[in-house]
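Coordinate inspection notes
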Amino acid sequence: MTSTTPKPLDGVRVLDLTRIISGPYCTRLLADCGAEVLKIEPAGGEHMRVKEPLRAGKSTYFGHFNAGKKSIEIDFRSEEDLSAIRKLAATCDVVVENFRPGVVQDLGLDFPTLSTGRKDLVYCSISGFGQTGPRSRHPAYAPILHALSGHDLAAMTYAEDVDKPFRTGIWYADLIGGLFAFSAIQTALIGQLRHGTGQYIDVALMDSMINLLVLEMQEVQTPSSFDRWLATPVKASDGHVIAVPITAKIFERLADLLDHPEWKDDVRFNTQLEREKNWPVLMALVEDWTKVRTAAECETALMGAGIPCARYQTVAEAIKDEQVTARELMTDVGTGPEAFKVANLPFLFAGAPLPVGSHVPAVGEHTGAVLDPVRGTAVPGVTAANGANGSQEASHV
């Protein structure tokens, strides 16, 4: 799908000093929205380029986060290269970094340095714990933040028959932090447009995770009088389904469909409050019906009766789901044997499609084209005053 309508961020230039997940996810979303994203990579390329899974020898994991960008390869130990990046920053509207706090200061790529002589720079730092506080310099991978934020123990309390937190391979902290950074940058760009001033943005993945735990944080301050109802999977003959007959009308439809009209007058279920209190009992009764039917049959029957229900799908099934296909969520990146699918943005603009970029740049593919025009220029007030030491120590990544 193509369109001649400008994308929302067409004309916005982003200096991308990020790596691994949270920062690259944020900047890829900016690229999807039309921004020119200049990804700065160390000599040889970011190490995520060799992260499996590999297709035709190239990482689709790296490609997922970096499609649609331009790659500039530099030596972070070279003052000449760092000076060129400072000059390049002077041509950019936005700078995004996710080094560990303190590293960009050593490199002379921090906000005070890059904003010297201008007032309109939007600069976003993404880190595990933020730029301030007793943990700010601590390394913080996503599982560390899942544990410290309370997320993992909260999830454990909702599970049955478990005596330790779950293993996880889904990096919620990185992805939600990247999303918060994406939205904060756009908010700052609106401020830049309206008021002519930029902004320094400090995004903490710890803060992002705690923001997800809304009811949990309120419960620990003011506990409810009874255990809250929990969305509960029930068995089907070939898997599991989940149904949520929580409101009065939906519950009545459920009672009729399952041929148990007497449930409508049962004191355990005849009000929403009682249904919530007795949710495990209700789900056990529902399971008596679902377990002798396939998951697809359950979903079809329940949804057909106006009862919210879904079968549990694998990721492989989900990305081919008829709804996903209808909304053209998945898009191809690359061509031939290197091609793979990536999810587009989870929102649609009526006037301008915003697909993921179709090309993953090779290491340093755009170095000459982007850096040559700025190498001989001068940027007043921007120097290596902070004493770049060539550190490449990443943040939480």
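Everything below is about the structure printed above this text.
Scope of this entry: the structure provided in the associated data block. (Residues numbered from 1 in each chain as written. Predicted model: local features only at pLDDT ≥ 70, side-chain atom pairs only at ≥ 80, totals over all residues. Heavy atoms only, no water.)

**Examining a nonpolar patch on the surface**
There is a patch of nonpolar side chains on the surface, built from Tyr-141, Ile-144 and Leu-148 and spanning about 290 Å² of accessible area. Residue position: Leu-148 is located in helix α6 (residues 142-148). (Patch = residues over 30% accessible without salt bridge, like charges linked within 9 Å, V, L, I, M, F, W, Y side chains within 5 Å. Areas by Shrake-Rupley, 256 points an atom, 1.4 Å probe, with all protein chains shown as cover. Salt bridge = Lys/Arg side-chain N within 4 Å of Asp/Glu carboxyl O. Helix = DSSP H or I, 4+ residues; strand = E, 2+ residues; numbered from the N terminus.)

**So, unusual backbone geometry**
Note the cis peptide between Glu-52 and Pro-53, where omega equals 10 degrees. Within the secondary structure, Pro-53 sits in the loop between β2 (36-42) and β3 (54-55). At Ile-20, a position not held by glycine, the phi torsion is positive, near 70 degrees. Relative to the helices and strands, Ile-20 is located in the loop between β1 (13-17) and α1 (22-32). On the basis of relative accessible area, Ile-20 is assigned to the buried category, the value being 8%. For Asp-259, which is not glycine, the phi torsion reads 60 degrees and is therefore positive. (Buried < 20%, exposed > 50% of the residue type's maximum accessible area, 1.4 Å probe, protein only.)

**Considerations on the sheet that holds strand β6 (residues 94-97)**
Across the sheet, six strands lie side by side as β5-β2-β1-β6-β7-β8; this open sheet has parallel pairing. On the outer flanks of this sheet lie β5 (70-74) and β8 (199-204), each paired with one strand and no other. Averaged over all adjacent pairs, the angle separating strand axes in this sheet is 20 degrees, with direction ignored. Where strand β7 (residues 122-127) lies against β8, six bridges are found, and the strand directions are parallel. Residue Val-122 lies in a different strand from β8, and its bridge partner there is Gln-199. Against the sheet, helix α3 (residues 79-89) makes contact with β1, β2 and β5, and its axis sits at roughly 150 degrees relative to β1, the strand it touches most. (Pairing = 2+ DSSP bridges. Axes fitted to C-alpha atoms, helices over the stretch in contact; angles between N-to-C directions. Contact = heavy atoms within 4.5 Å.)

**Notes on the side chain of Asn-278**
With respect to the helices and strands, Asn-278 occurs in the loop between α12 (272-277) and α13 (279-290). Here Asn-278 is in contact with Arg-268 and Phe-269, once residues within four sequence places are set aside.

**Re the sheet that holds strand β10 (residues 239-243)**
Strand order in the open sheet formed by three strands is β9-β10-β11, and the pairing between neighbours is antiparallel. Taken across any chain shown, the strands that pair with only one partner, and hence form the sheet edges, are β9 (233-236) and β11 (309-311). Across the sheet, the mean angle from the axis of one strand to that of its neighbour is 30 degrees, orientation sign disregarded. Pairing geometry for β10 and β11, over three bridges, is antiparallel. When the bridges of β11 are listed, Val-241 appears paired with Arg-311. Against the sheet, α13 touches β9 and β10, its axis set at about 20 degrees to β9. Across the face of the sheet, helix α14 (residues 295-304) comes into contact with β9, β10 and β11 while running at roughly 165 degrees to β11.

**Brief notes about the pattern of salt bridges**
Under the criterion given, the structure shown has 18 salt bridges. As a salt-bridge pair, Glu-41 and Arg-49 come within 2.7 Å of each other at their nearest N and O atoms. Each member of the pair, Glu-41 as well as Arg-49, is classed as buried. Where Arg-375 meets Asp-81, a salt bridge forms, and the shortest distance between an N and an O atom there is 3.6 Å. Here Asp-81 lies in helix α3 and Arg-375 lies in helix α17 (residues 367-375), a separation of 294 residues in the sequence. Beyond isolated ion pairs, a larger network of salt bridges with shared partners links Arg-13, Glu-36 and Lys-70.

**Observations regarding α3**
A large share of α3 lies buried, amounting to eight of its eleven residues. Taken together, the buried positions of α3 are Asp-81, Leu-82, Ala-84, Ile-85, Arg-86, Lys-87, Leu-88 and Ala-89. Contacts from the buried residues of α3 go to β1, β2, β5, α4 (103-107), α5 (111-114) and α17.

**So, α14**
Among the residues making up α14, those that are buried are Ala-295, Cys-298 and Leu-302. Burial along α14 is one-sided: seen end-on, the buried residues are contained in an arc of 60 degrees. Turned more than 90 degrees away from the buried face of α14 sit Thr-300 and Gly-304, all of them exposed. Structurally, α14 contributes buried residues whose contacts are with β9, β10, α11 (248-257), α13 and β11. Just downstream of α14 lies Gly-306, where phi reads positive at about 80 degrees. (Arc of directions from axis to C-beta.)

**Some remarks on the environment of Leu-15**
With respect to the helices and strands, the residue Leu-15 is situated in strand β1. On the basis of relative accessible area, Leu-15 is assigned to the buried category, the value being 0%. In sequence terms Leu-15 and Arg-86 are 71 residues apart; their C-alpha atoms lie 9.9 Å from each other. Dropping the residues within four chain positions of it, Leu-15 is found in contact with Leu-38, Ile-40, Ile-85, Leu-88, Ala-89, Cys-92, Val-94, Val-95 and Val-96.

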